[in-house]
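# Topology and contacts: notes
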Amino acid sequence: MSVSKRPLFDPPIVKRAVRDAFGKLHPRTMVRNPVMLVVFVGCILTSLVLVQDVVRGEGNLGFTVQLAIWLWFTVLFANFAEAMAEGRGKAQADTLRLARADQGQEARRPAQPAHVLLRGVERTGQGRPCGVRAGRCDSQRW
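Residues numbered from 1 in each chain as written. Predicted model: local features only at pLDDT ≥ 70, side-chain atom pairs only at ≥ 80, totals over all residues. Heavy atoms only, no water.

## Describing the pattern of salt bridges
Counted by the stated rule, this structure contains three salt bridges. Between R16 and D20 there is a salt bridge; the shortest N-O distance is 3.4 Å. Pair noted here: R16 and D20 are both in helix 1 (residues 11-23), with a separation of four residues, about one helical turn. Salt bridges linked by common partners bring K24, E82 and E86 together as one network. (Salt bridge = Lys/Arg side-chain N within 4 Å of Asp/Glu carboxyl O. Helix = DSSP H or I, 4+ residues; strand = E, 2+ residues; numbered from the N terminus.)

## Re the environment of V39
Within the secondary structure, V39 is located in helix 3 (residues 34-56). When its relative accessible area of 19% is taken as the criterion, V39 is described as buried. For V39 and L71, which are 32 residues apart along the polypeptide, the C-alpha to C-alpha distance reads 6.7 Å. Every residue in contact with V39, bar those within four places of it in the chain, is listed here: L71, T74 and V75. (Buried < 20%, exposed > 50% of the residue type's maximum accessible area, 1.4 Å probe, protein only. Contact = heavy atoms within 4.5 Å.)

## Looking at the environment of G87
Positionally, G87 belongs in helix 4 (residues 61-108). Judged by relative accessible area, G87 falls into the buried class, the value being 17%. Separated by 75 residues in the primary sequence, G87 and P12 have C-alpha atoms spaced 9.0 Å apart.

## Notes on a nonpolar patch on the surface
Taken together, the side chains of V41, I44, L45 and L48 present a nonpolar region at the surface, about 340 Å² in accessible area. Counting through the fold element by element, L48 comes out in helix 3. (Patch = residues over 30% accessible without salt bridge, like charges linked within 9 Å, V, L, I, M, F, W, Y side chains within 5 Å. Areas by Shrake-Rupley, 256 points an atom, 1.4 Å probe, with all protein chains shown as cover.)

## What to know about the packing of aromatic side chains
Per the stated rule, a full pass over the model turns up three aromatic pairs. When the ring of W70 is compared with that of F73, the centres are 6.1 Å apart and the planes differ by 90°; the resulting orientation is edge-to-face. One end of the pair, W70, and the other, F73, are both in helix 4, three residues apart, so they sit about a helical turn from each other. Residue class for W70 comes out exposed when judged on its relative accessible area of 52%. Relative accessible area serves as the criterion here: at 48%, F73 is assigned to the partly exposed category. On the numbers, 5.9 Å between centres and 20° between planes, the contact of F73 with F77 is stacked. Taken together, the residues F73 and F77, both in helix 4 and four residues apart, mark about one turn of the helix. (Phe/Tyr/Trp six-rings, centres within 6.5 Å; stacked < 30°, edge-to-face > 60°.)

Below, the structure written as structure tokens:
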């Protein structure tokens, strides 16, 4: 069975992660991570101060805009990274589930009973790997 590696930014996973990154902005989701909750509250407060400064025409707009952008970027990037990790984990679980289903009944129930005869344990030594195949034991290192 050949193992195919998925690219780091697999398009279906990235699309789902972007959608989930914005979905994770819900306060119930943010409460599960206290550090990101504090940053999220800072984003909201900074955005409110920015709106207040724009309406009143006072304050240091450049600093407030820059601060709000960085805070929102931090929250969204953290959510995106978490969603990417979840997406890759789900994709790997799906692949393993398919591989298990592809094995079929024949692999689970062999036609002949398997007999394993352990010989030469003294020869291989403790802690050395030993490969066991049907009918023989390979004591060489793999």
